[in-house]
Amino acid sequence: MNQETIRIYYHSKEIDKLTYIAGKSDWIDLRAAENAVMKKGEFRLISLGISMCLPDGYEAIVAPRSSTFKNFGIIMTNSLGIIDESYGKHSTDDIWKMPVLAMRDTEIHVNDRIAQFRIQKHQPQIIFEEAEEKQGEARGGFGSSGIQ
C-alpha cells in the first residue's frame, strides 16, 4: 500500500483530528471549527479549521457529507470544492472553508461533521481527438439508469 505524508496545521483544538470515515470509505470527514447560527437565505464561509500542504501534483476534492443538508439545512454553494497544491503551500493562513447557503434557520456547532474530502493526483494531460461519428448504442439519455 502506497502512503503519502501530508503536513497539516489545526487552527482549533476543539475539532477532532482528521481520520478516515471508519471502515466505510477512503474519504475523510471535515468538521466545523466555529459555531454558526444562520437564518434562511444567509450565506457564510464556515471554517473547517485546517491548513494543509499538499504535495506537488495533488489536489483535494471537498464535498458536503450526504447528511449535511438533512441535518443542517445548508448546501455548499459551489457544490464541490477543489483545493490545489498552491493553496496553503507557504502559509498556514490559507484555512480551508466551506461556502454554504442556509435553506432554513439552522445552527452548526464546533466539531459538527459538515464536509468530507479526498486527495487525488492531478488529471493527466489529455488530447481530444475529434471523431466523424459516435460508435455503439445510446444509453437512453440523462437519468436513464433508474432509481434503484
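Worth saying up front: this structure is predicted, and the values here are computed from it rather than measured.

Conventions we followed
- Residues numbered from 1 in each chain as written.
- Predicted model: local features only at pLDDT ≥ 70, side-chain atom pairs only at ≥ 80, totals over all residues.
- Heavy atoms only, no water.
- Helix = DSSP H or I, 4+ residues; strand = E, 2+ residues; numbered from the N terminus.
- Rg over C-alpha atoms; globule rule 2.2 N^0.38 Å.
- Buried < 20%, exposed > 50% of the residue type's maximum accessible area, 1.4 Å probe, protein only.
- Contact = heavy atoms within 4.5 Å.
- Areas by Shrake-Rupley, 256 points an atom, 1.4 Å probe, with all protein chains shown as cover.
- Phe/Tyr/Trp six-rings, centres within 6.5 Å; stacked < 30°, edge-to-face > 60°.
- Lys NZ or Arg CZ within 6 Å of the ring centre and 35° of its normal.
- Pairing = 2+ DSSP bridges.
- Axes fitted to C-alpha atoms, helices over the stretch in contact; angles between N-to-C directions.

## Section: the overall build of the chain
If you tally the helices and strands in the chain, you get 1 helix and 11 strands. Taken from the N to the C terminus, the helices and strands of the chain come in the order β-β-β-β-β-β-α-β-β-β-β-β. Taking 148 residues into account, the globule formula puts the C-alpha radius of gyration at 15 Å, and the chain, at 19 Å, lies well above it. Principal-axis analysis of the C-alpha atoms gives the chain an extent of 55 × 40 × 30 Å. For the chain, the residues scored as buried account for 34% of the 148 residues in total. Considering only contacts within the chain whose residues lie at least 6 apart along the sequence, 75% involve residues at least 24 apart. Summed over its atoms, the accessible surface of the chain is roughly 10,700 Å², and 49% of this surface lies on carbon and sulfur atoms.

## Things to note about the packing of aromatic side chains
In this description, an aromatic ring pair is defined by two values, namely the gap between the centres and the angle between the planes. Applying the stated criterion across every chain, the model contains 1 aromatic pair. Taking 5.2 Å as the distance between ring centres and 85° as the angle between the ring planes, the aromatic pair formed by tryptophan 96 and phenylalanine 117 counts as edge-to-face. One end of the pair, tryptophan 96, is in the loop between strand 8 (81-84) and strand 9 (97-102); the other, phenylalanine 117, is in strand 11 (residues 113-121), with 21 residues separating them in the sequence. The two residues tryptophan 96 and phenylalanine 117 agree in class, both being buried. Here the basic side chain of lysine 17 rests over the ring of tyrosine 10, its NZ or CZ set 4.1 Å away from the ring centre.

## Quick word on the sheet that holds strand 9
As summarised here, the arrangement of the 3 strands in space is 4-9-7, forming an open sheet in which the pairing is antiparallel. Every interior strand has two partners, whereas the edge strands, strand 4 (43-47) and strand 7 (74-76), have only one. Averaged over all pairs of adjacent strands, the angle between strand axes in this sheet comes to 40°, irrespective of strand direction. One ladder, built from 5 bridges, connects strand 4 with strand 9; its direction is antiparallel. For phenylalanine 43, the partnering residue across the bridge sits in strand 9 and is leucine 101.

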